[in-house]
Structure formats: structure tokens, C-alpha cells
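Tertiary structure, described
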Amino acid sequence: MSDEILIEGDAGFAAVAASERPLLSVSGLSKIYGARIGCIDVSFDVWPGEVLAIVGESGSGKTTLLNCISSRLAPTTGTVSYQMRDGRMGDVFRMSEAERRHLMRTDWGFVHQNPIDGLRMSVSAGANVGERLMAVGQRHYGSIRAEASEWLGRVEIDADRIDDQPRAFSGGMRQRLQIARNLVTEPRLVFMDEPTGGLDVSVQARLLDLLRGLVSDLGLSVIIVTHDLAVARLLSDRILVMKEGRVIESGLTDRVLDDPRAPYTQLLVSSILQV
Amino acid sequence: MSPILVVSEVAKGFVMHLRGGLELPVVRHVGFSLSEGECAVLGGPSGVGKSSILKMLYGNYGVDAGQILVRHHERFVDVASAGPRQVLAVRRDTIGYVSQFLRAVPRVSALDVAAEPLVMRGTAAEEARRQAGALFEQLNLPERLWSLPPATFSGGEQQRVNIARGFITDHPVLLLDEPTASLDATNRDVVIELIRAKKRAGVALLGIFHDGEVRDAVADRIIDVSAFAPERTAA
Amino acid sequence: MSAQIATDAAPAIASYNFAYLDEQTKRMIRRAILKAIAIPGYQVPFASREMPMPYGWGTGGVQVTAAIIGPEDVLKVIDQGADDTTNAVSIRAFFAKVANVATTTRTMEATIIQTRHRIPETKLSAGQVLVYQVPIPEPLRFLEPRETETRKMHALEEYGLMHVKLYEDIARHGEISTTYAYPVMVEGRYVMDPSPTPKFDNPKMHRSEALQLFGAGREKRIYAVPPFTEVVSLDFEDHPFEIQTFDRPCALCAAENVYLDEVVLDDSGGRMFVCSDTDHCEDRRAQGHRGEMAGHPLETAK
């Protein structure tokens, strides 16, 4: 596959276990809209099993960044390379579209803030979960349904709702269904855009707890965009703070939140409402 | 005995950007070491920076200068300059921490909160819960609370969950930030016994105890943090 | 299928070109047809013209027929298997008038058969062309309304959605309840909508000796299944594709294993089941086959 490249200095790569190398590597990524900056010169790595939070207020460029690294949006400059299942690093923007889309529906997941953007509202919950399985060639109705049913259970949706359409579901259930739909192919990397946004606090807590469990059980790597620092603290190992398109501070999540260095991070942290 | 933790020339201050860049120096020239099976206690008046030192050792606070070397899998790692992944690895396998307050996670039972560090290190969930339960029993935490999320527990109950969570693993270094602050005498004695057991197992402990009784019972030596106060060293 | 400029082939209506369409248009349609044959199952866009009939009456099929028909061709037109319905009669008359071609109702004699929603029961042979009138060519339409997206899905062979639809059928009805326009995979590459023919006819498309052309006038698409092409109906391993079965033979010709229409006889619930393919039925009766109601004069059945 000529579209895949190995990262420079790959001579000793075979000797290094895949878990000892980044799963995703972002380098010099910028997205410019005419005179407006989406995000500028962002570089970071995500390691297997790591949860990275990207925080910042609306307009800080965090969603633009997420869309670029998940290949939903072409960056102006910069590269995103991903460690494919065979261990090689693939340049996401030099892959063929077929390869990229295959990646997106097998080894990656994308959880949208609004479940309507990530679900098929007019097909049943079971088919929503089963779609990815069918897309990768599963052709046994019984086993597709069994797997869908198991996943509904894992996201705490009653098995007897399997034939209901998501429009009959509450916001929290829809979001959990969207998560199941993404995880059914056992992706290694999941992108999440404000997954708890717009949910009631109690529903949010349940979802966060569920996500936390799934992430650790499945050893998922997650890149989560959120403006909620409490969500970032609960879920993430590492954090990037963005302002005006730039990463202004990054590090271990509790270090950044307990000992913020940049003026803007201090402002963000001091703005959290205490309960 | 060879040291497992060596702190040298560590300095820490805060810059308060929201208050016009006000600089608040916390500690300077911090230096001490810790050996296996030893319990050292950070002493000095409150506000002198004892908690800050513990947090720097745990990688929770940034370090402005100096080194914090810890023996991690037979190699020394400088926590002061290590990257996030390395700090996480050190926390998983080498340095444990019992904080003063429990950061409760919604919906997770007390038993799972305490068992989590073991599960993260690969112990089966059932076995980890069993060990957590044994610690709860030792700490006299009523069994009806075990399956409940600790968010609604009293301060003393939360602290016992926290202690179980910190003591459940066999981390070679354990940092204790006032683990007995809200405990009654009985449970305080249990904690003292737990600390002694850790010492016998060769664990190096560094703690902050305001309770003189506990301190006298466990401390092998006192490290006076006032010696690291910026005013004094600046003079 | 000879293509010739025949200004005097239809002297009675000198103002029309042979087969109604002008030669440039026919050439354009033929190019689309050739491309469609070259890429079996792929929907080729074409510049569909206004025809002297409304959309939904077979404007796509008529344009395909007009582009391939020659003076020597013999045309048969069926609508739901019948040669004698309004649509079939009108289109047959149209080509008799504008192309002056011979027409027939006999499947065996026809060189071109334009059809709405059936494939004749008589096995087609090499040299025959079956032209389908197609209302909606895009099999993915109902699940993915964006044309840009469905084209990409075809290009990248992303057909999971088709099975989502079949899954929904089974989940709701216990079986694949799609009975017509049942999606097929052509030559292992493109998923195709076989037009609203009953799924009963799907197996007839598989490795057919005849050329099959599909024209969608309103949607401006042409696609094709060349002779001897693999055409496989989509299904699940544990819910395999099955055609409809009828628990009785044709009431008129006693044919079994054919597609039957229900005909209501009176106001008191009387009904009969007869061949949907009228030519096939007449053929069998001419050969002496008699169904249980064949004693009735045909007039009462109408």
C-alpha cells in the first residue's frame, strides 16, 4: 500500500512494541479560513489507551482541531499519522478516500455532541448498532442482532428497546446508543465532541461513568473536546488548553488543573463554579 | 539503606496572573531523601508548603527548579522533568498517594473506588474487591456502605475509603496527606497499624500529620519544612 | 438495432425523425448505454429529454428504446406483464407510428421488449433486449437521501446500508419483507435496484442471455446488465433470499411456478389468480393447457 508511509527513522521500529509508540501523531497542524484562524501549529501525540482532553471556550478552535485530526476536515498544513492495525504508521491525509473511510468506520469512532448527527433516526436501535458490522461484511442476521443486543446492554439500554427507533429515546439514551454504535467494531481510537453537552446533570454523570468504564475496559484511546473542565478531569489523563487556535498549555490533567501556569488556564480554572 | 527517593534543590512558586502577575514563592532549596521501610514526616506550621511538596513529588504540581528522583523499576526517574506518561507510570507502579479529600466519581461504589488502583495494575476485579473489602473491614467501614458511591458519605467515611484506596497496592513509596484528620481514635489506631505494616514491608512513607499522637507513633524522623521557606533562605 | 438516419422511413409523419428523438440525442443516449454496459450495474447520468408523455409513464424506457430501435426490430411492450394495458398499448402505438416498426405481443418474436415491472416468464434468448422503465434508480436512496453521498458509497463499495434495510425488515416482520425492487449485487461490484419488478423475477436476471437496459427518465440515469452477468439478490446467511410462491396454479392455463395476479370477479368476494404474463398464459392455452376456471368465457373474468 503505497499510500501508507513509515515515520522517519523507522529502522528499529519492528523491535519496538506497538504500545510503545504513539497511536496518533499530529504535527504542525493548522487550519486557516481565509483571514480567520481555525487552529494553528498544533502538535501532539496520543498513546494507546490514553485519554486526551482538548479544552477551551467556544471559538478557541478545539472543534476545528478535532475535525481535522479525525480527517473530517482537510487542514491547511500539517500531518496526522496513525498507527494502523498492522503496526505501520499511515499518513491520514495521504490515504485513499476508501482507506480513510474504512478506518473511520472500523478502527475509529466519532461521538457527536448531538446524537442526531451520529445516528440514523429512522432505523431501529439494533440496526444503528449493527450497521458497522454489516459494513465490514457480517451477513448473519442472528449474530449481528446478538452483538447489537449485547452492546445495548453494555450502554445500559434495555434489550427490549432493540427494535425501537432512536427518536423514541431520551437524550441520554440516544447518546449511549451513539456510543454503542461506534464501539461495536472495537475501534482503538474514539473522537468525542462534547459528548455530555446538552444533557441534564444527572444524565451527564451516568454517561461519564459509563464512558469511564468503557474506556478502561476496552483500553480505548480517546480524544475528547469539552469546555467542561470537570469532564476533562474525570475522563482524561492529559489535557490541551486552547485559546485563539493555539495550544497554550498542556500536560497531565490534574497538574494543569491544580497548578495552571498560563494566564488563560488560570482564568478558566478559577471560573469553575463550586458546588 | 539505599534511598528510593531523593529530592534536591527543589523550588516552587506560584505566579498569579489574575492578580497582576503576583509572585508567591512557596519553597526553595528543598532537599531530603527517603529510604525503604522509613516513615518521614513533614513538619512545620500550616501554610509553610508541606502539601505543595507532597503534590510536587506526586507530579500534581509543577516544579520550578531542582530534581525529584524516584527509583521506578530499578531506574531513577526525575518526576520534576518527566513527561505526563512517565508520571502516570510512576503513579501506577511506584508512588501512591492518600489525599486529604476523596474526589468522588458519580455512581462508582466505594468498593470499586478502593479496588481501582489494583484493577489498573492488572488484578482481577473480584480479587481487587475482596482486598478492598478486607481493608474496609479493618477500618470499620459499615458493610452497608460498600456498594454505595461515597459522594454522600461523611468526612470520616470518605477518608477511610481514601485510605483503603491508597493502602491497597504495594507501591514502594506512599505519600500521606493528613490521612487521619477526620478519624476517631479507634480508626486512627487502625491507620497507625497500617502504616507500621507498610514500613515492615519496606515501603518508604512520607506524610503530613497534624495529630501529634499519630506522628509520634509512626515517624522515624521529622523533616522541618520551615527550613525551605523562601524568606529564610533569601535572607 | 441498426441505427440509421431514416428520414423517409416514416413518411406519414415527416416532421418527426425516425423513432422520435433526433440523431444527436440518440447518439448521446447510446454513449450512455455503452458506458452502462461496460460497467454493469453502474448508473450512468444522461441528458434525459422531454417526451410526449408524463414522467412515470416510462419516459426513461422510451428514450432507451428509441435510441436502440431500428426499422427491422420487432417491439413488444408490457406493463405488469400485460400487453393490453393503457401504458403498453400507447407505447407500442407510439413506436409503430414514429418508427414504423413491427410490434408483437409474443415474447419469442420480439427483438426489443420494453417492460414496466415484470420480466417475461418465457426465457429470453441471445439477441433480445429487455428495456426496463425505472422510477427510482438509486437503491440507497431511502436510507441515504444525499446523492453526493450515495454516489460516493457506490464508488467505494460501501454497501452496509443495504443490509441495514434488510435487517430492519427482518426485525419488524420476521423475514425480509421487501417483495419488489429487491436490491441485487451485479457482477460482484455494484448494488442495483432492478426497478419495481417483483423479487420473483430477480433470478431471471442472473446470467440472462438477453441484454438488460434500465432507463430512468425523471432521474436521468441509465444502467445495464450485459448478457451472462452475475446478478445476486442481497440476503443474510440465516435469512436467504427466497422468491414468492403461490399455493395454486394459474386459473386459466394451470401454469405453476409463474407469477400470478389476483383478479376480482364480482362484488361478493369472487376472485381468481391468473398469470401476470398474458402472452405466456395465452401461449399455454393455445397449447391446450386448461386451468380450473378456463371453462368460463374470458369476458366474465374481465
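As a starting point, this report considers the structure included with it. (Residues numbered from 1 in each chain as written. Chains lettered and ligands numbered in written order. Predicted model: local features only at pLDDT ≥ 70, side-chain atom pairs only at ≥ 80, totals over all residues. Heavy atoms only, no water.)

Examining the overall build of chain B
Of regular secondary structure, chain B possesses 8 helices and 9 strands. By the compact-globule yardstick of 18 Å for 235 residues, chain B fits well, its C-alpha radius of gyration being 18 Å. Looking at chain B as a whole, 51% of its 235 residues qualify as buried. Accessible surface, chain B as shown: approximately 10,400 Å² in total, 51% of it carbon and sulfur. Positive and negative side-chain charges of chain B, numbering 26 and 27 respectively, have mean locations separated by a distance of 4 Å. (Helix = DSSP H or I, 4+ residues; strand = E, 2+ residues; numbered from the N terminus. Rg over C-alpha atoms; globule rule 2.2 N^0.38 Å. Buried < 20%, exposed > 50% of the residue type's maximum accessible area, 1.4 Å probe, protein only. Areas by Shrake-Rupley, 256 points an atom, 1.4 Å probe, with all protein chains shown as cover. Lys, Arg positive; Asp, Glu negative; His and termini not counted. Charge placed at Lys NZ, Arg CZ, Asp CG, Glu CD.)

Digging into the interface of chain A and chain B
Facing the 25 residues of chain A at the interface are 23 residues of chain B. Buried surface at the junction of chain A and chain B, summed over both partners, amounts to about 2,000 Å²; 52% is from carbon and sulfur atoms. Viewed at the interface, chain B and chain A are joined by 6 salt bridges. When the shortest N-O distance is used, the salt bridge between E156 of chain A and R107 of chain B registers 3.2 Å. Remark: the boundary between chain A and chain B carries 12 residue pairs in polar contact (both at pLDDT 80 or more). Secondary-structure elements contributing two or more residues to the side of chain A that touches chain B are helix 7 (201-218), helix 8 (229-235), strand 10 (246-252), helix 9 (253-258) and helix 10 (263-270) of chain A. Each residue belonging to the side of chain A that touches chain B can be placed in one class, and the counts come to 8 nonpolar, 3 polar and 14 charged. (Contact = heavy atoms within 4.5 Å. Buried area = accessible area lost by both parts, 1.4 Å probe. Salt bridge = Lys/Arg side-chain N within 4 Å of Asp/Glu carboxyl O. Polar contact = N/O pair within 3.5 Å; in protein donor to acceptor, adjacent residues only side chain to side chain. Nonpolar A, V, L, I, M, F, W, Y, C, P; charged D, E, K, R; others polar.)

Considerations on helix 5 (residues 141-154) of chain A
For helix 5 of chain A, spanning 14 residues, the distance from its first C-alpha to its last is 20 Å, which sits close to the expected 20 Å at 1.5 Å a residue. Among the residues of helix 5 of chain A, those classed as buried are Y141, I144, A148, W151 and L152 of chain A. For helix 5 of chain A, the buried positions fall inside an angular range of 105° around the axis, keeping them on one side. On its buried side, helix 5 of chain A packs onto helix 4 (125-135), helix 6 (171-183) and helix 7 of chain A together with helix 5 (160-173) of chain C. Following helix 5 of chain A by one or two positions, E156 of chain A has its phi on the positive side, about 60°. (Expected span 1.5 Å × (residues − 1). Arc of directions from axis to C-beta.)

Side note on the pattern of salt bridges
Taken as a whole, this structure holds 57 salt bridges over all chains when the rule is applied. Its salt-bridge partner being R130 of chain B, residue E127 of chain B comes within 2.9 Å of it at the nearest N-O pair. Of this pair, E127 of chain B and R130 of chain B are both found in helix 4 (residues 125-138), 3 residues apart, which corresponds to roughly one turn of the helix. Judged by its relative accessible area of 29%, E127 of chain B is partly exposed. Within the structure, one salt-bridge network assembled from shared partners comprises R120, E131 and R181 of chain A together with E144 and R146 of chain C.

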